[in-house]
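Observations on the model geometry
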There are 4 protein chains.
Amino acid sequence: MNTFGHIFRVSIFGESHGKSVGVVIDGCPSGIPVTVEDFMKDLLRRRSGRKGTTPRSESDVPEILSGIYNGFTTGYPITIASWNKDTDSVSYEKFKTVPRPGHADFTATFKYSGFADLRGGGHFSGRLTWGLVAAGVLAKKILRNSNISAQIVEAGGSKDIEKAVELAASEGDSIGGLIECCVTNPPKGLGEPFFYPVEAAISQILFSIPAVKGVEFGSGFAAAKMRGSEHNDPFIDSDGKTLTNNAGGINGGVTNGNDIVLRIAIKPTSSISREQKTFNFETETMDTLKVEGRHDTCIALRIPVIVEASVAIALADLLLIDRGINPR
Amino acid sequence: MNTFGHIFRVSIFGESHGKSVGVVIDGCPSGIPVTVEDFMKDLLRRRSGRKGTTPRSESDVPEILSGIYNGFTTGYPITIASWNKDTDSVSYEKFKTVPRPGHADFTATFKYSGFADLRGGGHFSGRLTWGLVAAGVLAKKILRNSNISAQIVEAGGSKDIEKAVELAASEGDSIGGLIECCVTNPPKGLGEPFFYPVEAAISQILFSIPAVKGVEFGSGFAAAKMRGSEHNDPFIDSDGKTLTNNAGGINGGVTNGNDIVLRIAIKPTSSISREQKTFNFETETMDTLKVEGRHDTCIALRIPVIVEASVAIALADLLLIDRGINPR
Amino acid sequence: MNTFGHIFRVSIFGESHGKSVGVVIDGCPSGIPVTVEDFMKDLLRRRSGRKGTTPRSESDVPEILSGIYNGFTTGYPITIASWNKDTDSVSYEKFKTVPRPGHADFTATFKYSGFADLRGGGHFSGRLTWGLVAAGVLAKKILRNSNISAQIVEAGGSKDIEKAVELAASEGDSIGGLIECCVTNPPKGLGEPFFYPVEAAISQILFSIPAVKGVEFGSGFAAAKMRGSEHNDPFIDSDGKTLTNNAGGINGGVTNGNDIVLRIAIKPTSSISREQKTFNFETETMDTLKVEGRHDTCIALRIPVIVEASVAIALADLLLIDRGINPR
Amino acid sequence: MNTFGHIFRVSIFGESHGKSVGVVIDGCPSGIPVTVEDFMKDLLRRRSGRKGTTPRSESDVPEILSGIYNGFTTGYPITIASWNKDTDSVSYEKFKTVPRPGHADFTATFKYSGFADLRGGGHFSGRLTWGLVAAGVLAKKILRNSNISAQIVEAGGSKDIEKAVELAASEGDSIGGLIECCVTNPPKGLGEPFFYPVEAAISQILFSIPAVKGVEFGSGFAAAKMRGSEHNDPFIDSDGKTLTNNAGGINGGVTNGNDIVLRIAIKPTSSISREQKTFNFETETMDTLKVEGRHDTCIALRIPVIVEASVAIALADLLLIDRGINPR
């Protein structure tokens, strides 16, 4: 189930401390100009974030294994990989019996009967989002008339993001964050009810990103407290523009041409420097555990570009589907 | 794209004022005992809700067209339909040029080049969730050791739900609501990273339900304001039980055996008795519009059983996938 | 797995002696004019065939349950059903222990642990192809510039088809047949390598038809005996026309604009009037069995229109995919 | 559409003269022991074939990029790549205007608007089957109680395969061939009617292999000439064994436990040393063309191991689906 999409199809592979992480993109139109630099721009945004993101130097340079020739997409499946380097050799085997709270150690060990590679989180690592960002670069090119932009708007409940991150870091702790994404000038008519409306497509891919705990569109959770008379967005021009945008640009699961607006809740990084309690499944007693190494204090800082990529991928797939079925 | 799921596959069809709405369920194991009464129980919950739901008498009786024989599922595709009755003949054609705010009139007309049947919302109507609930009855039987239960916990921001609904109704308005769902004793190990983790599967189907504006798991949006030291759930026994449950029963996209907990934001019903402003696409001027007929004041009241069905369908699909790949 | 296609998606349901057989067609463009009579034309061809086909009067009249409004497709899923009538009540239960040779009695009973409805072949019956033919009517309308035509070219190895059928019938036996299908003026550029080339798409659907034993394209099995110098088709004009057509209109899995040509081998009807040997799984001894009722002597006679429908469905799906990815 | 399968999912990528060809295998159970040597055995069979296959030294050594750890499958997606080497730099650009007969030059150029990489056939090359064979190694391990074996049984219509190949080679020509595949002791109950019966699954993947022109199961095309009384296979024991096997081990699209038997027709290699006629799309006149380099005289010699892999992949997918739905 490592593939997202019906026509513009994105498959993710790799592990945090294995040989590589990468992505295969199928159904990408031919003739799109693309360079390694195009990828680097977003991949570096993913890496650096701002203060509070990991100082680790991951190998982010993409190697194009297939599908791009003479600077253009060929129409064939596009494979892009990144080679993992400098992965520390700290043993992760112990986490099979003493699982880290908040991580997938316990569930991965159970699900794969002990054969899962847990190093650095294995296939469950945030490192896997590298491939999402790479695929997002192509998706954005397909949606070239739209602008997709996401940013962190809160960290640990505070709008002074830098300060909040510094404070948490100084206490050996981590904090969550809130991300907002807006798509301006989206294509009209995208979304396939019933089961692939815009919100379903976008949320499926967003909830695949580790650490995402909630997704809302337009008015979102605030809608639950509202009246219909204030929530309904009156149309105001022949283009379909609405006075307000509680709908977040989507009516009946289909884009209406207004800005698509969504917010994503990110949990605090699970790895913290402090000692934590957990269960030792070997001794069958409570135990303590300290996660070594450097960690992102606020993983949410790195996630905006991943959100942009995810939204772009979902919209690109919906665009190709709509274009196939509904020639207008 | 009217199908959800990879193995336990649910396809929805129909229109609000057409001949029927229904569902085809493929990949359902054989030998499950099921009667029309089994379906009626949940279908009636969907219909009646509580005060504030529509007094309209929809035809909810399911007719089993295929896949069930002598009281048991056969292993063949199961088709269940409901015949629409007493649909009022008010003209919906005008909504193609004077679209109702909050409804899919504008987007459906654009997407399908004017050929969409808009009567009662057509294929975009909440009426379509009838098929979801019917499929959910079978999904719940597949997950027979788990209990899935959802309820409305707030309407219009108030916990006194009945009063809030009455007040809004008396003012010719509508209100949104908040629904909480909990799965106790879920199977462990369900969820397929990357792209079909539990949250992605569940949110894909939930965001297909009309009126859903947000979905969150465990700590949800509150996680964005939390510290890692408080958010991480310590394991406390050999079964994988955790002290807290901020994870909502899911680590790395895979169920850990603790309760799955989620909340869903429902917008206020779009149809209200009050006059509303909208754009007239024929005259190209602003216009006013009044939506005739009786409407649910708070559609959220009817949605808990739909949420239960959706969660059950997603988990049933994940269970069959996991059982196929990982024989334990 | 009861769905074929990625965009133009066809789902089949029903059983031979259950309440109905039918089809759901998703991803069909809106605005296609269609009437019940349009369906009847091909459905009657399927029923009557010629001499040698069953005199049984199946209920073939289609009831449109969704997706068509005011004589046009709406863009919503289209559901079409046929109600089974006059199904004889002969017991099929015995076939669970004394399975008919050539039928699915044994495999269906094993696969579904005894819960399969075997009456008239259940979901394995040729009756299910009713839905294929109905979907094919819409697929042909999508491919309106092409002509798809299939006919039986041999029965029991003889080109004098009527005589061969009569002879076999007079001996209480059945015979197989060979069907040829040709698509003139097909769209160029259809087919998605690797895994959804034209041949793969068409053969997947053709081999779903009961009784199909072989499928070949262009030169087919004769190619195995040929030389490259005679097999290669020289291009001869700027449209891509070729001098010969050993490729059957397909190069590298993609249509080249020349006629698509294929042949399908149909086995003799499994039900024959003669007494047959089989194993009695209850007594665990060899047994004899006589299949009562009237049967098609040569089921191949009814299959051409099913082949046309299948080819049309596969090409329609490929067309919508290609149109979505490759705007030319 | 570069993915085959629903649960055991195989995605192919790469081009003949690009950087690599490879495969991603998703849904593979964890805990399967596998080494590079396991892959090499079948990959070398694919490369060498026998006399008449290309003397080119392709780089066949697999590099495992993900999904295998400490000698076992982890349950994560498995990525295996091969690096292309020594690809000659002969210009293929001219084939965009002077397409080689029998090749995909014309269709690929049209479909991808001139952006397709045609070098060595690009993504349409037989080289891509490298990934199929690699995936087949894992599929065979999943089906460990069955034996899958394919061989060439005719070349150019002759059973003296070596002589036929030599003769054709001496004349600068190529020949086709016939391959037979047999699966002994297959799991019973595999196959999902309607649309994913065993024959549909296997033929979909087989017809994705370049050069395949026909596929038949059991009696195959001979069935078209047979009588029902001779074609029906009587059951003879409590295991479901049949006296004859015209069904090729499949009833109603579902395996009955008898040997699965199929035959595949392979066309003569399209590249031949002789001069050929074709159309020059630039000058718009007939032209001649000679394909340089060394070519397989009889590509069918290399295909048996690819057929085995394809059949194994299809059956592995069907096994995991059946295991998920039907716990017996």
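Residues numbered from 1 in each chain as written. Chains lettered and ligands numbered in written order. Predicted model: local features only at pLDDT ≥ 70, side-chain atom pairs only at ≥ 80, totals over all residues. Heavy atoms only, no water.

Secondary structure assignment for chain A yields seven helices and 15 strands. Taken against the 2.2 N^0.38 rule, which gives 20 Å for 328 residues, the C-alpha radius of gyration of chain A at 21 Å falls within 12% of a compact globule. With the C-alpha coordinates of chain A rotated into their principal frame, the extents come out at 65 × 55 × 35 Å. In chain A, buried positions account for 68% of the 328 residues. For chain A, restricting intrachain contacts to residue pairs at least 6 apart in sequence, the fraction spanning at least 24 positions comes to 71%. Accessible area of chain A: about 10,200 Å², with a carbon and sulfur share of 50%. Between the centroid of the 35 positive side chains of chain A and the centroid of its 37 negative side chains there is a distance of 1 Å. (Helix = DSSP H or I, 4+ residues; strand = E, 2+ residues; numbered from the N terminus. Rg over C-alpha atoms; globule rule 2.2 N^0.38 Å. Buried < 20%, exposed > 50% of the residue type's maximum accessible area, 1.4 Å probe, protein only. Contact = heavy atoms within 4.5 Å. Areas by Shrake-Rupley, 256 points an atom, 1.4 Å probe, with all protein chains shown as cover. Lys, Arg positive; Asp, Glu negative; His and termini not counted. Charge placed at Lys NZ, Arg CZ, Asp CG, Glu CD.)

The next subject is helix α4 (residues 161-170) of chain C. Residues and elements named next belong to chain C. Among the residues of α4, Ile-161, Ala-164, Val-165 and Ala-168 are the ones counted as buried. Take α4 and look down its axis: the buried residues cluster within an arc of 95°, on one side only. In α4, the exposed positions angled more than 90 degrees off the buried face are occupied by Lys-163 and Ser-170. Turning to α4, the residues buried within the fold contact β8 (147-155). (Arc of directions from axis to C-beta.)

In this complex, chain A contributes 12 residues to the contact, which on the side of chain C involves 12 residues. The tally of links from chain A across to chain C stands at zero salt bridges. In this structure, the connection of chain A to chain C is made through two residue pairs in polar contact (both at pLDDT 80 or more). Partitioned by chemical class, the residues of the side of chain A that touches chain C number seven nonpolar, four polar and one charged. (Salt bridge = Lys/Arg side-chain N within 4 Å of Asp/Glu carboxyl O. Polar contact = N/O pair within 3.5 Å; in protein donor to acceptor, adjacent residues only side chain to side chain. Nonpolar A, V, L, I, M, F, W, Y, C, P; charged D, E, K, R; others polar.)

Attention now moves to the confidence of the model for chain A. Low pLDDT marks regions whose predicted coordinates should not be analysed in detail. On average, residues of chain A score 95 in pLDDT, and 95% of them reach the 70 mark or higher. Interface scoring of the predicted complex returns ipTM 0.97; its pTM is 0.97. (pLDDT = per-residue confidence, 0-100.)

Residue and element names in this part refer to chain B. You can see Lys-96 is positioned in the loop between β7 (78-83) and α2 (105-111). Along the backbone, Lys-96 and Gly-156 are 60 residues apart, and their C-alpha atoms lie at a distance of 30 Å. Leaving out residues up to four positions away in the same chain, Lys-96 has contacts with Thr-109, Gly-114, Ala-116 and Leu-118. For Lys-96, the side chain forms a polar contact with the main-chain oxygen of Ala-116, separated by 3.5 Å.

All names here are of chain C. Contact pair helix α1 (residues 36-48) / helix α7 (residues 304-325): the axes reach a minimum separation of 8 Å and the direction vectors enclose 135°. One way to sum up the angle between α1 and α7 is to call them oblique. Side by side, α1 and α7 meet where Asp-42, Arg-45 and Arg-46 of the first sit next to Val-305, Ile-306 and Glu-308 of the second. Its residues assigned to classes, the contact of α1 with α7 comprises two nonpolar, no polar and four charged. (Axes fitted to C-alpha atoms, helices over the stretch in contact; angles between N-to-C directions. Parallel < 35°, antiparallel > 145°, perpendicular 65-115°, else oblique.)

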